[in-house]
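What follows is each chain in one-letter form.
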Amino acid sequence: MTVARALGLPDHPGRSTMDTLLRFVPDRHLLIVLDNCEHLLDACAELLGTLLGAAARLTVLATSREPVNVTGEVIWQVPSLSLADEAIELFAERARLARPEFAITDDNAKAVGEICRRLDGMPLAIELAAARVRTLS
């Protein structure tokens, strides 16, 4: 299991990974960060429900496009970036990481704006698109 590996927990013959986690977390003050839970929503909900039930000092930060639906869940919706400036700036910053000479110019400003608009100003989508400037004109 990915969480056990991230915590550096070894495999124990005859013990499930969940049992190993349940022996590890109860007495620790931990923050576990899970990203993109929407891809494994049921598995994440089961894991988090079990771990949170066993560990009073465990805090979880989970990102997902859908609620995980565990007891005590608090949902914060991350708004899209402003298409007028924030989205364009993020695109340019991330594009420069892929191609240092990249700059917003009169020639590409309309295309970059359209990309950001089509991606609804979503930061992760913009970052992934900007990384493609390495291979695209």
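Residues numbered from 1 in each chain as written. Predicted model: local features only at pLDDT ≥ 70, side-chain atom pairs only at ≥ 80, totals over all residues. Heavy atoms only, no water.

Student: Explain the overall build of the chain to me, please; I cannot follow it from the model alone.
Tutor: A tally of regular secondary structure across the chain gives six helices and two strands. Scaling as 2.2 N^0.38, a compact globule of 137 residues should have a C-alpha radius of gyration of about 14 Å, whereas the chain reaches 20 Å, well beyond that. Dimensions along the principal axes, computed over C-alpha positions, put the chain at roughly 60 × 30 × 25 Å. Looking at the chain residue by residue over its 137 residues, the buried ones come to 28%. The long-range fraction of contacts in the chain, counting pairs at least 24 apart against all pairs at least 6 apart in sequence, stands at 63%. Of the roughly 9600 Å² of accessible surface on the chain, a fraction of 54% belongs to carbon and sulfur atoms. For the chain, the distance from the average site of its 14 positive side-chain charges to the average site of its 19 negative ones is 5 Å. (Helix = DSSP H or I, 4+ residues; strand = E, 2+ residues; numbered from the N terminus. Rg over C-alpha atoms; globule rule 2.2 N^0.38 Å. Buried < 20%, exposed > 50% of the residue type's maximum accessible area, 1.4 Å probe, protein only. Contact = heavy atoms within 4.5 Å. Areas by Shrake-Rupley, 256 points an atom, 1.4 Å probe, with all protein chains shown as cover. Lys, Arg positive; Asp, Glu negative; His and termini not counted. Charge placed at Lys NZ, Arg CZ, Asp CG, Glu CD.)

Student: Looking at this structure, how should I read the environment of Met18?
Tutor: Tracing the chain through its elements places Met18 in helix 2 (residues 17–24). Met18 sits 14 residues away from Ala4 along the chain, and the two C-alpha atoms are 8.4 Å apart. Beyond its immediate sequence surroundings of up to four residues, Met18 is in contact with Leu47, Thr50 and Leu51.

Student: Can you help me understand the environment of Asp27 in this one?
Tutor: Structurally, the position occupied by Asp27 is in the loop between helix 2 and strand 1 (30–34). With 28 residues separating them in the primary sequence, Asp27 and Ala55 have C-alpha atoms 7.0 Å apart.

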